[in-house]
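Descriptive analysis of the structure
Residue strings, one per chain:
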Amino acid sequence: MLRESIPDLRTMVEPDRVRRQVYTSAEIFELEMQRIHERVWIYCGHETQVPKAGDYYTVQIGCQPMIMVRGPDGKISVLYNRCPHRGNMIAGDRKGNTGEFFRCSYHAWQFHLDGKLKNIPMMESGYAGTRYEKDKSDCNMKHAARVENYRGFVFASLAKDGPTLKEFLGQAIVAFDDMCDRAPDGEVEVVPNCFRVIQHSNWKLFMENQIDALHPSVTHQSTGRAAHEVEKEIAKQAKAGEALSYHMLSAFATVTIDKWDHFQTINYPYGHCILTGYMGLRPQDPDTLAYDKIMIQKYGQKRFEEIVGVNIHHVLVYPGLSVQSPLQQLRAVRPLGVDRTLTEIWHFRLKGAPEAIYRRSLAYYNLVNSPATLINADDLENFWKCHQGLASDGGDWVSFARHHGHDIEQDGQVSSAPNMGTSEAPMRNQMKAWAEYMRG
């Protein structure tokens, strides 16, 4: 139950600004979990995280602890991580293999991998005549209302009604198509371990930052400049392979604000967004050419050119997913509290691609998205500073006014105007969706 009255949500969001309480109110956060995160499609994981029967992976959807598990028939289920007896969590580990069934560690209730009750100790003597009989649904682990799998990416919704996954993703589905199509075998597989980061700030700050095209040249400039100096020295020695790693960082300085303005954001219903303008990390070295040859053999020249020509830097799937498909990166957002947010940072291997291509994208994963990098540290500091500032009485509003009034709206999508790629249109789009979700 909400302990305090919620402010009138209609006064929280205006076309170019929002109230700071949207980020700092614990009561609003609780309502967000109910009306957004526990209703829409939320990314659970990739099917290759649970390759065998009995394999499971735990995940948080809103405030609900869940289990993604593969059954003996190959089907993936998403279950509430709760025993229907006394509420004990069935899976205490993050991942593992439970064998042929789940067994509660408290009173040994057993469940099939689809959540259906298998056995209760003292079934006849202890439960005869009660509501807890073997064939009663009260004895089963509860399922997520809906589960769908798109090209190996598993999503769940805790709401019985709503759009299908494809309807919900809309044009943002290109994130998964682009990633899988870049694999010669048309599939990707997860790299088993992910980076996990807890930021001490509201989850919306992370989502807004992902498509903020102005901040890279400001926030990450010092890292980019230092890397660029090293890159130039290495280039003089004709060590192209070594220079590429530094180029992944130097781009944050060499891709200046005016260049970011040449990119474009395309904003869709439900809060999703695409940032165009891939950063040019596609060299014509022997490793790339070898990959190109394999792709052409698999797809043909015309289809190959279509695949590598997809002009995407970043795709945001609101409210909790950030995908960099050309680099096989994915970040899932799990809100833990009004000022605590877990991000899971995953990397994927392109099936059929040469090892060198995998190692190159893995380098970007480690250099840019790792918790240990300066890039990540820059962002985390800003997130914390933003949350601290918003908790103060220094002002009532958060501004999203950059290039407001210049957006181009057509057929339900809103694009940033030409040479205005640093527009805050994505933030305006997210908060418009937020207001619609919160009104129920």
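Residues numbered from 1 in each chain as written. Predicted model: local features only at pLDDT ≥ 70, side-chain atom pairs only at ≥ 80, totals over all residues. Heavy atoms only, no water.

As used here, a disulfide is simply a covalent bond connecting the sulfur atoms of two cysteines. Per the counting criterion, the structure on display carries zero disulfides. With no disulfide of its own, Cys63 has Cys44 as its nearest cysteine by sulfur position, at a separation of 15 Å. Here Cys386 is not disulfide-linked; the sulfur of Cys273 is the nearest cysteine sulfur, at 19 Å. Note on Cys386: relative accessible area 39%, which makes it partly exposed. (Disulfide = S-S within 2.5 Å. Buried < 20%, exposed > 50% of the residue type's maximum accessible area, 1.4 Å probe, protein only.)

Among all residues except glycine, the phi angle is most often negative; among peptide bonds, the trans geometry is most common. For the bond from Tyr318 to Pro319, the omega torsion is 10°, close enough to zero to count as cis. With respect to the helices and strands, the residue Pro319 is situated in the loop between strand 17 (314–317) and strand 18 (321–324). The backbone of His403 shows a phi angle near 60°, a positive value even though the residue is not glycine. The exposure class assigned to His403 is partly exposed, which follows from its relative accessible area of 25%. (Helix = DSSP H or I, 4+ residues; strand = E, 2+ residues; numbered from the N terminus.)

You can see Glu306 is positioned in helix 12 (residues 301–308). When the C-alpha atoms of Glu306 and Asp181 are compared, they prove to be 9.9 Å apart, with 125 residues separating the residues in sequence.

A word on helix 13 (residues 355–369). Between its first and last C-alpha atoms helix 13 spans 20 Å; for 15 residues at 1.5 Å apiece the expected length is 21 Å, and the two agree. Turning to helix 13, its buried residues are Ile357, Tyr358, Arg360, Ser361, Leu362, Tyr364, Tyr365, Val368 and Asn369. (Expected span 1.5 Å × (residues − 1).)

Using the criterion set out here, one finds 22 salt bridges in the structure. With a closest N to O distance of 3.2 Å, Asp393 and Arg20 form a salt bridge. Residue Asp393 is found in the loop between helix 14 (374–390) and strand 21 (397–399), and its partner Arg20 is found in the loop between strand 2 (17–19) and helix 1 (21–24); the two are separated by 373 residues along the sequence. Under the relative-accessibility criterion, Asp393 is labelled exposed at 73%. (Salt bridge = Lys/Arg side-chain N within 4 Å of Asp/Glu carboxyl O.)

Close contact between helix 6 (residues 203–210) and helix 15 (residues 425–438) brings their axes to 9 Å; oriented N to C, the two are set at 140°. When the axes of helix 6 and helix 15 are compared, the pair comes out oblique. Listed contacts from helix 15 to Lys204, Met207 and Glu208 of helix 6 are Met427, Gln430, Met431 and Trp434. Here the residues of the contact of helix 6 with helix 15 sort into four nonpolar, one polar and two charged. (Axes fitted to C-alpha atoms, helices over the stretch in contact; angles between N-to-C directions. Parallel < 35°, antiparallel > 145°, perpendicular 65-115°, else oblique. Contact = heavy atoms within 4.5 Å. Nonpolar A, V, L, I, M, F, W, Y, C, P; charged D, E, K, R; others polar.)

Our next topic: the packing of aromatic side chains. The relation between two aromatic rings is expressed through the spacing of the ring centres and the mutual angle of the planes. Throughout the structure, instances matching the rule amount to 15 aromatic pairs. With a centroid separation of 6.2 Å and 45° between ring planes, the pair formed by Tyr43 and Phe153 is classed as tilted. Of the two residues, Tyr43 is situated in strand 3 (residues 42–46) and Phe153 in strand 12 (residues 153–157); the sequence distance between them amounts to 110 residues. On the basis of relative accessible area, Tyr43 is assigned to the buried category, the value being 3%. Cluster of aromatic residues (ring-pair linked, three or more members): Tyr43, Phe153, Phe155, Phe176 and Phe348. If you follow Arg17 out to its NZ or CZ, it ends over the ring of Trp397, 3.7 Å from the centre. A cation over a ring is seen here: Lys142 above Tyr80, with NZ or CZ 4.9 Å from the ring centre. (Phe/Tyr/Trp six-rings, centres within 6.5 Å; stacked < 30°, edge-to-face > 60°. Lys NZ or Arg CZ within 6 Å of the ring centre and 35° of its normal.)

The four strands lie next to each other as 6-5-4-7, forming an open sheet whose pairing is antiparallel. Each edge of the open sheet carries a strand with a single partner, namely strand 6 (76–80) and strand 7 (95–97). Going from strand to strand, the sheet's axes swing by 25° on average, the running direction of each strand aside. Sheet topology places strand 4 (residues 55–61) next to strand 7; three bridges connect them, and they run antiparallel. Of the residues in strand 7, the one forming a bridge with Tyr57 is Lys95. (Pairing = 2+ DSSP bridges.)

Turning our eyes to something else, we now look at the environment of Gly224. Looking at where Gly224 falls in the secondary structure, it is placed in helix 8 (residues 221–236). Distance from Gly224 to His247, taken between C-alpha atoms, is 8.6 Å for residues 23 residues apart in sequence. Look past the residues within four positions of Gly224 in its chain and what remains in contact with it is Leu249, Ser250, Phe252 and Ala253.

Burial of strand 18 is two-sided: the residues Leu321 and Val323 facing one way and the residues Ser322 and Gln324 facing the other way are all buried. Here strand 17 pairs with strand 18 via three bridges, running antiparallel. Bridge pairing links Val315 to Val323 in strand 18. In terms of strand pairing, strand 18 meets strand 19 (residues 329–337) through four bridges, oriented antiparallel. In the sheet register, Val323 faces strand 19, and the bridge partner there is Leu330. Once strand 18 ends, the chain turns through four residues before running back antiparallel as strand 19, passing Gln328 with a positive phi of about 55°.

To continue, consider the sheet that holds strand 3. The strands making up a sheet associate through hydrogen bonds between their backbones, and the pairing can be parallel or antiparallel. The strand order across the open sheet built from three strands is 3-12-11, with neighbouring strands paired in antiparallel fashion. Only two strands of the sheet have a single neighbouring strand rather than two, namely strand 3 and strand 11 (146–150). Between one strand and the next, the sheet's axes are offset by a mean angle of 25°, whatever the strand orientation. Note that strand 3 and strand 12 share four bridges and pair antiparallel. Looking across to strand 12, one finds that Tyr43 is bridged to Phe155.

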